[in-house]
Amino acid sequence: MVKFSKQFEGQLVPEWKEAFVDYWQLKKDLKRIHSLNAQHAGTQIHEKEKKSKCSFSCNVLSPLFRKLSAYGHERKEHGVIQVHKKLASSASKGDVYETELLDQFADTDAARDFFSRLDLQLNKVNQFYKNKEKEFIERGESLKKQMEILLELKVALKQQRDKTVPSQDSREDPSISCSITCEDHEAGKDTTEQDDSICEFGKNEGEFSESPRADEEGRLMRMKKEASKLKSLSGKVITCQGKNLRINIPLTTPSRTLSAITYLVWDDLVNQSKKCGPEGSKLNINKTKIHHAEKMIKGAFVELYKGLGFLKSYRNLNMLAFAKILKKFDKVTGKQVLPIYLKVVESSHFDSSDKGVKLMDEVEDLFIKHFAEEDKRKAMKYLRPTQRKESHAVTFFIGLFTGCFIALFAGYVIMAHIAGMYTRQSDTVYMETVYPVLSMFSLLFLHLFLYGCNIFLWRRARINYSFIFEFAPTRELKYRDVFLICTTSMTIVVGAMFAHLTLIARGYSLIETHTIPGILLLFFPLMLFCPFNILYRSSRFHFIQVIRNIILSPLYKVVMVDFFMADQLCSQVPMLRSLEYVACYYITGSYKTQDYGLCMRTKHYRDLAYAVSFLPYYWRAMQCARRWFDEGQTSHLVNLGKYVSAMVAAGAKVAYEKEKSGGWLSLVVVMSSSATVYQLYWDFVKDWGLLQPNSKNPWLRNELMLRRKCVYFLSMGLNLILRLAWLQTVLHSNFGSVDYRVTGFFLAALEVIRRGQWNFYRLENEHLNNAGKFRAVKTVPLPFHEVDQD
């Protein structure tokens, strides 16, 4: 039977862990009381031995004393403790509970400390529940208003579409249009976590027109806001007659980003006078804008429902924790405080308030009505998505393919060693054409394997990686799934390489055997883009979307999974260069003539090699620029500088590999050293949150997920060593007679391992930041905002 403390820890909301009852500390207090009671029981036994020699007179009067003591004992048992309810100093904090001990036996320092801590936990839970309940209720009220506006707009749009001939009474029909004025609104009044592309509109019966503004006033306002026009795009105001509203559509796609930039450029060109145009620019609210607004509201409802579910779980778990710890107290002390204190807990705000439950039911009804076509089962797929069940077949196939991989790899190594393939006197054609394929896939699936290890460690450490990456339940891969993909893929790769080497040993021509790596190279992209619902299709398509977002940076809004994946690509530059070479080798048909040097002699290929070397750093730099544009934090510009320095160092390294001159060598040393120091500082301080001099954990951070502090120092030391792998470019050290390409592969593998280690601490720091702000659900920006008229 699993202990309650394990169940409690496994079911609580990770980001709200500090707000839950400190069940473990209360158990420690009970152990202290138990040890004191054991000592007290020994003392009582010794006193009873002395009292056994009492006189006859005592025996005669003992029945009377027993009756009196029994009466007094019964009175005390009903009054062991008394919980006082007081008003806090601040009205926002609500009621405060304090416990008074009435029983003399329980009136010890340990018991007082226990109930003092218990009162503190009850007050903490009440306050947190009250704040979260208020937050969710405000969200709910705002969403209801948003839903009303959306429904009105849908009705108005339908009436406009149905209207074929303009009538004379058109003023009585709702119209949806707006006029852009030259006035700018303060962007600070509506700050959100995402920068929004705005289409603003007025909603009123009748026609809309611009409100007159003086030329001088409009010119001054434009000059004041010119520098921050792109950032304050959400602050564009339209002054219309009647009720003014605006739709905030996030700049999450290239089309919206380019449309917003085009709009601002056009606004600069035509906004030279009092009016924004000869007759005012009109923006019609079309079906697409309403669809985007509906999608945003739908997402906000889903997040609100999830948050209310967390709040309900928070109440139930804390109530159960109070009951369990009070039951343990009664068992240890022999007192009956459970019914007394539990009655107070049941009457407290967090257990007696039903506002959250009512709001949850109301949200469910609204979602079923407006987003699920009155189909409750369809609505529950969004509101309560089910996790994919883990199958024992996955574990079986992991073991099966692991065994196959080990056997094939051992056979491949033995055969390659006998043939002398990986020595300096090896077959040059094989090392130049076939080995890059093997090394490329090995680096890729080693990275994926380390990602599976990270998922396993994140789950053990209670790090909510799914929330941080915003993974949908249908797209999320469990660590067993990742291990299955790795073992299956590497079995296929090593099996193909083993078959290729076997055919070479039997005397087959190179033209015939070289088609095997080409087929292998074509097989995996086909599996990745396979449109059929097999082999984790939702996860594959999500991966493709993330890669698309990275390539088109900074046109897409940057989310956590995008820049996390871009960081992974920065550690896979050798894999990308191998991919470039192998693709060139097969696309140009060099495999038929065995002219493996054709690509190296081509100028376009050499230029592309430079681009591939610093392209991942360029993508990451563009993401930093986009985040600075969206959020306005200068730290993103500093992070951009880190990737620019890495980009320059990578370019210098590629140039040195081509020319081998002393000037390029000096540039490589200077640029790589500067980039390494920059990157180490950012790894330890920014990404990992370590090296804090004023922390309660010396030179670490205040909150640590791992119990052993030495692990953090060892990780920092290992990260420092692996960051210096670029010295191989300068030292050119070799391991015996091993080919230099094999040495380069091991160095690239060490960088992948360093990145796998970095991933764990990066997510740990991100999780602690979320937990520090109690963010367990996403804050979805709402589309409709009312603008006050001047």
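The model shown is predicted, which means the values in this text are computed figures rather than measured ones.

Is there a simple way to think about the overall build of the chain in this case?
Regarding its fold elements, the chain presents 29 helices and 6 strands. Burial status across the chain gives 45% buried among its 790 residues. The long-range fraction of contacts in the chain, counting pairs at least 24 apart against all pairs at least 6 apart in sequence, stands at 77%. Surface exposure of the chain reaches about 42,100 Å², of which carbon and sulfur atoms provide 60%.

Is there a simple way to think about the packing of aromatic side chains in this case?
The description of an aromatic ring pair uses the distance of the two centres, along with the angle that the planes make with each other. Inspection of the entire model under this criterion finds 44 aromatic pairs. Aromatic pair Phe445 and Phe524: ring centres 5.5 Å apart, planes at 50°, arrangement tilted. Of this pair, Phe445 sits in helix α14 (residues 435-460) while Phe524 sits in helix α18 (residues 515-528); the two residues are 79 residues apart in sequence, bridging distant segments of the chain. For the pair Phe445 and Phe524, a shared accessibility class is recorded, and that class is buried. Three or more aromatic residues joined by ring pairs make a cluster, and in this case those are Phe4, Phe8, Trp16, Phe20, Tyr23, Trp24, Phe128, Phe310, Tyr314 and Phe774.

It is not clear to me how the environment of Arg475 should be interpreted in this structure. Could you clarify?
Take Arg475: it is sitting in the loop between α15 (465-469) and α16 (479-505). Linking Arg475 and Arg540, residues 65 residues apart in sequence, is a C-alpha distance of 8.3 Å. Dropping the residues within four chain positions of it, Arg475 is found in contact with Ser538, Ser539, His542 and Gln545.

How do you make sense of the packing of helix α24 (residues 603-631) against helix α25 (residues 635-659) when you look at a structure like this?
Angle between the axes and distance between the axes are the two parameters that describe a pair of packed helices. Relative orientation of the contacting elements α24 and α25 amounts to 170°, with a least axis distance of 8 Å. Considering their axes alone, α24 and α25 lie roughly antiparallel with respect to each other. Facing Tyr610, Ser613, Phe614, Tyr617, Tyr618, Arg620, Ala621, Cys624, Ala625, Arg627, Trp628 and Glu631 of α24, the residues of α25 in contact are His636, Leu637, Asn639, Leu640, Tyr643, Ala646, Met647, Ala650, Gly651, Val654, Ala655 and Lys658. Its residues placed into classes, the contact of α24 with α25 shows 16 nonpolar, 4 polar and 4 charged.

Any chance you could explain the nonpolar core here in plain terms?
The tendency in soluble globular proteins is for nonpolar side chains to be buried as a group. The biggest cluster of nonpolar side chains holds 71 residues, and the ones touching the most others in it are Trp16, Phe114, Phe115, Leu118 and Tyr341. Among the elements that make up this core, the one with the highest residue count is helix α7 (residues 287-333) (18 residues). Other than its neighbours up to four places away in sequence, Phe114 contacts Leu26, Asp29, Leu30, Ile33, Ile325 and Phe329.

Teacher, can you tell me more about the state of the cysteines here?
This structure, assessed with the given rule, holds 1 disulfide. Residue pairing for Cys584: its cysteine sulfur links by disulfide to Cys599, the two sulfurs lying 2.0 Å apart. Disulfide Cys584-Cys599: the torsion about the S-S bond is -100°, which places it as left-handed. With a gap of 15 residues between them, Cys584 in helix α21 (residues 573-587) and Cys599 in helix α23 (residues 598-601) connect regions that are remote in the sequence. Grouping residues by exposure puts Cys584 and Cys599 together as buried. Of all cysteine sulfurs, the one in Cys486 lies closest to Cys453, which takes part in no disulfide; the gap is 8.5 Å. Here Cys453 falls in the partly exposed class, since its relative accessible area comes to 24%. Looking at Cys624, it has no disulfide partner, and the nearest cysteine sulfur is the one in Cys570, 9.4 Å off.

How do you make sense of the side chain of His542 when you look at a structure like this?
The residue His542 is located in helix α19 (residues 537-551) in this model. Note on His542: relative accessible area 13%, which makes it buried. The contact partners of His542, leaving out residues within four places of it in the chain, are Phe471 and Arg475.

Where do I start with the side chain of Gln623 in this structure?
Assignment of secondary structure puts Gln623 in helix α24. For Gln623, the side chain forms a polar contact with the main-chain oxygen of Asp562, separated by 3.5 Å. The contacts of Gln623, once residues within four sequence positions are left out, are Ile550, Ser553, Val558, Asp562, Phe563 and Ala566.

How do you make sense of α19 when you look at a structure like this?
Residues spaced three or four apart along an α-helix face the same direction, because each turn holds 3.6 residues. Compared with the 21 Å implied by 1.5 Å per residue over 15 residues, the 21 Å span of α19 between its first and last C-alpha is a close match. In this fold, the buried residues of α19 make contact with α18, α20 (560-570) and α24.

Would you mind showing me how to read the confidence of the model for the chain here?
Summing up the model confidence of the chain, the mean pLDDT is 78 and the portion of residues at 70 or higher is 75%. Per-element averaging of pLDDT across the chain places strand β4 (residues 196-205) at the bottom with 38 and α14 at the top with 94. Contacts of residues 53-77 to residues separated by more than four positions or lying in other chains number 4 contacts, the stretch itself having pLDDT below 50. With pLDDT under 50 throughout, residues 272-283 is counted as low confidence; its partners more than four residues away or in other chains account for 27 contacts.

Help me out: how do you make sense of the environment of Glu751 in this one?
For Glu751, the location among the structural elements is in helix α29 (residues 740-772). Each C-alpha atom of the pair Glu751 and Leu724 lies 9.7 Å from the other, and the pair is 27 residues apart in sequence. One polar contact links Glu751 to Ser571, side chain to side chain, over a distance of 2.8 Å.

Would you mind showing me how to read unusual backbone geometry here?
Cis peptide bonds are those with omega within 30 degrees of zero, and the linkage from Ser553 to Pro554 qualifies with 10°. Within the secondary structure, Pro554 sits in the loop between α19 and α20.

I would appreciate a short explanation of the packing of α20 against α29 in the present structure.
Contact pair α20 / α29: the axes reach a minimum separation of 11 Å and the direction vectors enclose 160°. Considered as vectors, α20 and α29 are oriented roughly antiparallel to each other. The hand of the α20/α29 crossing is right-handed. Every residue of α29 that contacts α20 at Met560, Phe563, Phe564, Asp567, Gln568 and Cys570 is listed here: Arg755, Trp758, Asn759, Arg762, Leu763 and Glu766. Of the residues in the contact of α20 with α29, the class split is 6 nonpolar, 2 polar and 4 charged.

In this structure, what is going on with the pattern of salt bridges? I would like to understand it.
A pair can form between side chains of opposite charge whenever their charged atoms are brought close. This model, assessed by the stated rule, comprises 26 salt bridges. With its nearest N and O atoms 3.4 Å apart, the salt bridge here joins Asp354 to Lys358. Classification of Asp354 as partly exposed rests on a relative accessible area of 37%. A relative accessible area of 55% means that Lys358 is categorised as exposed. Arg384 serves as the salt-bridge partner of Glu364, at 3.9 Å between the closest nitrogen and oxygen. One end of the pair, Glu364, is in helix α10 (residues 355-371); the other, Arg384, is in the loop between α11 (376-383) and α12 (392-419), with 20 residues separating them in the sequence. Of the residues examined, Glu364 reaches a relative accessible area of 11% and is grouped as buried. Look at Arg384 and you get partly exposed, because its relative accessible area is 47%. Connected through shared salt-bridge partners, Asp683, Arg723, Glu751 and Arg754 make up one network.

I'm lost on a positive patch on the surface in this one. Help?
Together, Lys3, Lys6, Lys17, Lys28, Lys31, Lys324, Lys327, Lys328, Lys331 and Arg707 give the surface a local cluster of positive charge. Secondary structure elements with two or more residues in the positive patch: α2 (23-51) and α7. When residues of the positive patch are assigned to their parent elements, the largest contribution, 4 residues, is made by α7. Structurally, the position occupied by Lys28 is in helix α2.

Each value, and the rule that gives it
- Residues numbered from 1 in each chain as written.
- Predicted model: local features only at pLDDT ≥ 70, side-chain atom pairs only at ≥ 80, totals over all residues.
- Heavy atoms only, no water.
- Helix = DSSP H or I, 4+ residues; strand = E, 2+ residues; numbered from the N terminus.
- Buried < 20%, exposed > 50% of the residue type's maximum accessible area, 1.4 Å probe, protein only.
- Contact = heavy atoms within 4.5 Å.
- Areas by Shrake-Rupley, 256 points an atom, 1.4 Å probe, with all protein chains shown as cover.
- Phe/Tyr/Trp six-rings, centres within 6.5 Å; stacked < 30°, edge-to-face > 60°.
- Axes fitted to C-alpha atoms, helices over the stretch in contact; angles between N-to-C directions.
- Parallel < 35°, antiparallel > 145°, perpendicular 65-115°, else oblique.
- Nonpolar A, V, L, I, M, F, W, Y, C, P; charged D, E, K, R; others polar.
- Core = buried A, V, L, I, M, F, W, Y, C linked by side-chain atoms within 4.5 Å.
- Disulfide = S-S within 2.5 Å.
- Polar contact = N/O pair within 3.5 Å; in protein donor to acceptor, adjacent residues only side chain to side chain.
- Expected span 1.5 Å × (residues − 1).
- pLDDT = per-residue confidence, 0-100.
- Left-handed = near helix turned anticlockwise from the far one by under 90°.
- Salt bridge = Lys/Arg side-chain N within 4 Å of Asp/Glu carboxyl O.
- Patch = residues over 30% accessible without salt bridge, like charges linked within 9 Å, V, L, I, M, F, W, Y side chains within 5 Å.
- Lys, Arg positive; Asp, Glu negative; His and termini not counted.
- Charge placed at Lys NZ, Arg CZ, Asp CG, Glu CD.

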